[in-house]
Amino acid sequence: MNPRLARVLLVSFGLAVVVDLVSLGAGFDLGHRIAKPLLMPLLAAHAGVRGGPRLLVAALLCGWGGDVLLLSDADPAFLVGMASFAAGHVCYLVLFRRTARARGALLAGGYAIALVATVTLLWPDLPAGLRVPVAGYSLLLTAMAYGATRLGLVAGLGGALFMVSDTLIATGVAEWPQLPSPDFWIMLTYAAAQYLLVRGVLGTLGARPAPAAAYGEMRSTTP
């Protein structure tokens, strides 16, 4: 691991987020189109330099694919972009199952209620061709967000913010009333979500003793 390079990449990610958010707030579309595609590659590079698992890097790069595709307003690009994000959620799900234990049934029930309520409310207002894909994606997103709680509060908050970000996108597609500068809030919650997921994964893995160290401790306590 190269700590200095990891810090440089993380600071670069933070600067790209600021540029993107300022551009969105100011209505500077070119700044958004330049900054947005830089976010996930920088965060993925940071995770890789920190020794993060390949599935984490893959999830972030899938997010990058979705980011680039969603810069287009065309329906095919939206569907392919959603599929790219879905692939990222699958990477996260597999990673979470490998690294931590499941949470309680009560929390799972809360996420299930949120899923059913969101899809039920959005369904009548979504374009007919997007209803089933959005419902399927929402199921995968909710499973990812619940799975993130396996890693603790930080990753759990990241998963929840991912749900918020994508729900804001879905309400826009359904043509519901939006907050002022909706893209600003979408990108704010999305960037925060991905950062918290990375921090949660790296923190969980970093908290585990290395196999060699654990073996050495066992030997030192053996008569």
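Conventions and cut-offs
- Residues numbered from 1 in each chain as written.
- Predicted model: local features only at pLDDT ≥ 70, side-chain atom pairs only at ≥ 80, totals over all residues.
- Heavy atoms only, no water.
- Helix = DSSP H or I, 4+ residues; strand = E, 2+ residues; numbered from the N terminus.
- Buried < 20%, exposed > 50% of the residue type's maximum accessible area, 1.4 Å probe, protein only.
- Expected span 1.5 Å × (residues − 1).
- 1 Å grid on protein atoms, 1.4 Å probe; cavity = no way out; pocket = protein on both sides within 12 Å on 5 of 7 lines; lining within 4 Å.
- Points joined across faces, edges and corners; volume = space filled by probe spheres on them.
- Nonpolar A, V, L, I, M, F, W, Y, C, P; charged D, E, K, R; others polar.
- Phe/Tyr/Trp six-rings, centres within 6.5 Å; stacked < 30°, edge-to-face > 60°.

(A) Representation of the environment of P127 within the structure. Mapped onto the elements of the fold, P127 is located in the loop between helix 5 (105-122) and helix 6 (128-148). What makes P127 partly exposed here is its relative accessible area of 36%. In this structure, the C-alpha to C-alpha distance between P127 and G109, residues 18 residues apart in sequence, is 28 Å.

(B) Quick look at unusual backbone geometry. For E175, which is not glycine, the phi torsion reads 60° and is therefore positive. Tracing the chain through its elements places E175 in the loop between helix 7 (153-173) and helix 8 (182-207). Notably, S181 is not glycine yet its phi reads approximately 50°, a positive angle. Along the polypeptide, S181 turns up in the loop between helix 7 and helix 8. Overall, S181 belongs to the partly exposed group, its relative accessible area being 37%.

(C) View of helix 6. With 21 residues, helix 6 ought to run about 30 Å at 1.5 Å a step, and its terminal C-alpha atoms sit 31 Å apart, in line with that. For helix 6, the full list of buried residues reads L130, V134, Y137, S138, L141, T142, M144, A145, Y146, G147 and A148.

(D) Layout of the layout of surface pockets. Taken as a whole, the largest pocket spans an internal volume of roughly 1,100 Å³. Taken together, 48 residues line the largest pocket, and the ones lying closest to its centre are L70, F78, I169, V173 and I186. Counting only elements with at least two residues in the lining of the largest pocket, the list comes to helix 1 (3-26), helix 2 (29-49), helix 4 (75-99), helix 5, helix 6, helix 7 and helix 8. Broken down by class, the residue content of the lining of the largest pocket amounts to 29 nonpolar, eleven polar and eight charged.

(E) The arrangement of the packing of aromatic side chains in detail. For the structure on display, the rule yields six aromatic pairs. Ring centres of F85 and F162 lie 6.4 Å apart, and the angle between their planes is 85°; on these two criteria the pair is classed as edge-to-face. Taken together, the residues F85 in helix 4 and F162 in helix 7 connect sequence positions 77 residues apart. There is no split in this pair, since F85 and F162 are both buried.

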